[in-house]
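If you want the building blocks of each chain, they are given just below.
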Amino acid sequence: MRITKLLAVFTLSGAALAQGVVDSREIDAVYRQAHELYLDLHQAPELSGHEAQTASKLAARLRTLGYEVTEHVGGTGVAAILRNGTGPTVMLRSELDALPVEEKTGLSYASKVRAQDDAGLDVPVMHACGHDLHIASLVGTAAVMAHNQDAWHGTLMLIGQPAEETITGAKAMVKDGLFTRFPKPDFGIALHVGNELPAGQVGITPGVYNTNSDSIRITIFGRGGHGSQPNSTVDPIVIAARTILSLQTIVSREVKPGEAAVVTVGYVRAGTKNNIIPDKAEMGLTVRTYKDEVRQQVLAAIIRISKAEAAAGGAPKEPLIENYEGTASVYNDPALANRLRAPLEAALGKENVIATEPIMPSEDYSAFIEQGVRSFYFSLGGADPERLAASKAGGPTLPSNHSPLFAPDVEPALRAGIGAEVAVLRNLLNGK
Ligand SMILES: [Zn+2]
Ligand SMILES: [Zn+2]
């Protein structure tokens, strides 16, 4: 039913093609190939930084469509350019990577892939974040844009970004000259599929879209010894335990009520045996915030508390506190988000363009925004509409991204992804 409705909307908007929206027949013409690519990618996922096959499949398709394609940008990244007269340069980005997750969807095209991770461990691999759908959508969009070059003017820049899940790939592409070897985009576009919205809909969040993310490792030093003689030791496990509890007061006691902040200790590692007091303890934290000033406040508090608890416990030296990976929040230029609502509504139907709240997960698209690329990052519905309605009525919750059960409702989501991307690109590339 959803598909019929979507098609009806696309067909209705066909007459308005010249004003920058998309005809359903244009999507029909590219859909089968995009869907085939999706099924192929889903069954051949690759871990972050190892997306060699994924990148070469993407590159080959874009070359066939007439794009100037460069591979190995920032590792396995792909940059593809289509020049079509004078006008702005607009970038559309998809991620390439999958996750070390064992797929349990039971789908006929479920991944059975295993690979070696960077630590040399044998792990299952799954496109549990939907990046396969993003790539398929980008290729469908690339085809529509290449087939009808009367509907836009300027330079279209498509990128396949590696290593999003480790939030390192965007920076690596920038460092490898993404915006110096290739035209620097006036605008940047990206989407992310999820189960928060039904397939066929998109969500717009003007302003802050997601969180700043920081990964912190704290190593607390003690003095090891016999478990029966604690008096001759400094026990780092006790210091770690006190530190963990004190860290929980940052959000509850220090951050202004109403400001979003999360401090999670995701692992604690110490010791080998019950009767040995170890000489160090390590813990790993994830920190999420919306505002930069709150981010700085929380990070400073983590350092202060960790040092003070170690000093209180008589630690022989200060703890080692490493902020080993971090990314700023993705900021949606509000004027741009408002401008792009109209073409999205024209392409998908007014009722299918929803205002959405900022989300807690993070992503490294912000590395492109930090380079001065005004951007629009939006949400693509991936949920089976009936299952989502049942879940909202108190039924079972739908699996989130990264779940072994994550399985977007492919056809309506992919059609809406292509329709939305084409509508937005044509709007931004229509001259002026
Ligand atoms: Zn993810
Ligand atoms: Zn993702």
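Here the structure is shown first, and the text comes after it.
Okay, so let's go over this structure. (Residues numbered from 1 in each chain as written. Chains lettered and ligands numbered in written order. Predicted model: local features only at pLDDT ≥ 70, side-chain atom pairs only at ≥ 80, totals over all residues. Heavy atoms only, no water.)

### Observations concerning the overall build of the protein
For step 1, the next point in the chain: A count of helical and extended segments in the protein gives eleven helices and 18 strands.
For step 2, the next point in the chain: For a compact globule of 432 residues, the expected C-alpha radius of gyration is about 22 Å, and the protein comes in at 24 Å, within 12% of that figure.
For step 3, the next point in the chain: Counting only C-alpha atoms, the protein reaches 80 × 45 × 45 Å along its principal axes.
For step 4, the next point in the chain: Per-residue burial for the protein yields a buried fraction of 54% across its 432 residues.
For step 5, the next point in the chain: Of all intrachain contacts in the protein linking residues separated by at least 6 positions in sequence, the fraction that spans at least 24 positions is 82%.
For step 6, the next point in the chain: For the protein, the computed accessible surface area is about 18300 Å², with 54% contributed by carbon and sulfur atoms.
For step 7, the next point in the chain: Across the protein, 39 positive and 47 negative side-chain charges occur, with their mean positions spaced 3 Å apart. (Helix = DSSP H or I, 4+ residues; strand = E, 2+ residues; numbered from the N terminus. Rg over C-alpha atoms; globule rule 2.2 N^0.38 Å. Buried < 20%, exposed > 50% of the residue type's maximum accessible area, 1.4 Å probe, protein only. Contact = heavy atoms within 4.5 Å. Areas by Shrake-Rupley, 256 points an atom, 1.4 Å probe, with all protein chains shown as cover. Lys, Arg positive; Asp, Glu negative; His and termini not counted. Charge placed at Lys NZ, Arg CZ, Asp CG, Glu CD.)

### Looking at helix 11 (residues 410–428)
For step 1, the next point in the chain: For helix 11, spanning 19 residues, the distance from its first C-alpha to its last is 27 Å, which sits close to the expected 27 Å at 1.5 Å a residue.
For step 2, the next point in the chain: Within helix 11, 17 of the 19 residues are buried, leaving the element largely enclosed by the surrounding structure. (Expected span 1.5 Å × (residues − 1).)

### Here we look at the coordination of the zinc ion (ligand 2)
For step 1, the next point in the chain: With distances of 2.1 to 2.3 Å, the protein atoms coordinating the zinc ion (ligand 2) are Cys129 (SG), His131 (NE2) and His192 (NE2).
For step 2, the next point in the chain: If you list the donors of the zinc ion (ligand 2) from N- to C-terminus, the spacing comes out as C-x1-H-x60-H.
For step 3, the next point in the chain: The two metals, the zinc ion (ligand 2) and the zinc ion (ligand 1), are separated by 3.1 Å and share Cys129 as a common coordinating residue. Considered together, Cys129 and His131 belong to a single accessibility category, that of buried residues. (Donors = N, O, S within 2.8 Å, 3.2 Å for Na, K, Ca; no water.)

### Focus: unusual backbone geometry
For step 1, the next point in the chain: Even without a glycine there, the phi angle at His72 is positive, about 60°.
For step 2, the next point in the chain: Tracing the chain through its elements places His72 in strand 1 (residues 68–73).
For step 3, the next point in the chain: Look at His72 and you get exposed, because its relative accessible area is 59%.
For step 4, the next point in the chain: Phi at Ala163 is positive, roughly 50°, even though this residue is not glycine.
For step 5, the next point in the chain: Within the secondary structure, Ala163 is located in the loop between strand 6 (154–161) and helix 5 (169–175).

### Let's talk about the packing of helix 8 (residues 334–348) against helix 11
For step 1, the next point in the chain: Two elements in contact, helix 8 and helix 11, have axes separated by 9 Å at closest approach and are oriented at 130°. Here helix 8 lies oblique to helix 11, going by the angle between them. Judged by the sense of rotation from one axis to the other, the crossing of helix 8 with helix 11 is right-handed. Contacts from Leu336, Arg339, Leu340, Pro343, Leu344, Ala347 and Leu348 in helix 8 reach Ala416, Gly419, Ala420, Ala423, Val424, Asn427 and Leu428 in helix 11.
For step 2, the next point in the chain: Grouping the constituent residues of the contact of helix 8 with helix 11 by class yields eleven nonpolar, two polar and one charged. (Axes fitted to C-alpha atoms, helices over the stretch in contact; angles between N-to-C directions. Parallel < 35°, antiparallel > 145°, perpendicular 65-115°, else oblique. Left-handed = near helix turned anticlockwise from the far one by under 90°. Nonpolar A, V, L, I, M, F, W, Y, C, P; charged D, E, K, R; others polar.)

### Some remarks on the nonpolar core
For step 1, the next point in the chain: By size, the foremost hydrophobic cluster in this structure holds 64 residues, and its most contacted members are Leu62, Tyr67, Leu156, Leu158, Ile189 and Phe376.
For step 2, the next point in the chain: Examining the composition of this core, we find that eleven residues originate from one element, helix 11, more than from any other.
For step 3, the next point in the chain: The contact partners of Ile189, leaving out residues within four places of it in the chain, are Val90, Met91, Leu92, Arg93, Leu340, Tyr365, Phe376, Phe378, Val424, Leu425 and Leu428.
For step 4, the next point in the chain: Val234, Val263, Leu285 and Ile302 belong to the second-largest nonpolar core, a separate cluster that totals 23 residues. (Core = buried A, V, L, I, M, F, W, Y, C linked by side-chain atoms within 4.5 Å.)

### Some words on the side chain of Lys57
For step 1, the next point in the chain: Relative to the helices and strands, Lys57 is located in helix 3 (residues 52–64).
For step 2, the next point in the chain: Residues in contact with Lys57, not counting those within four places in the same chain, are Asp40, Leu41 and Ala44.

What is shown is where atoms sit, not what they do.
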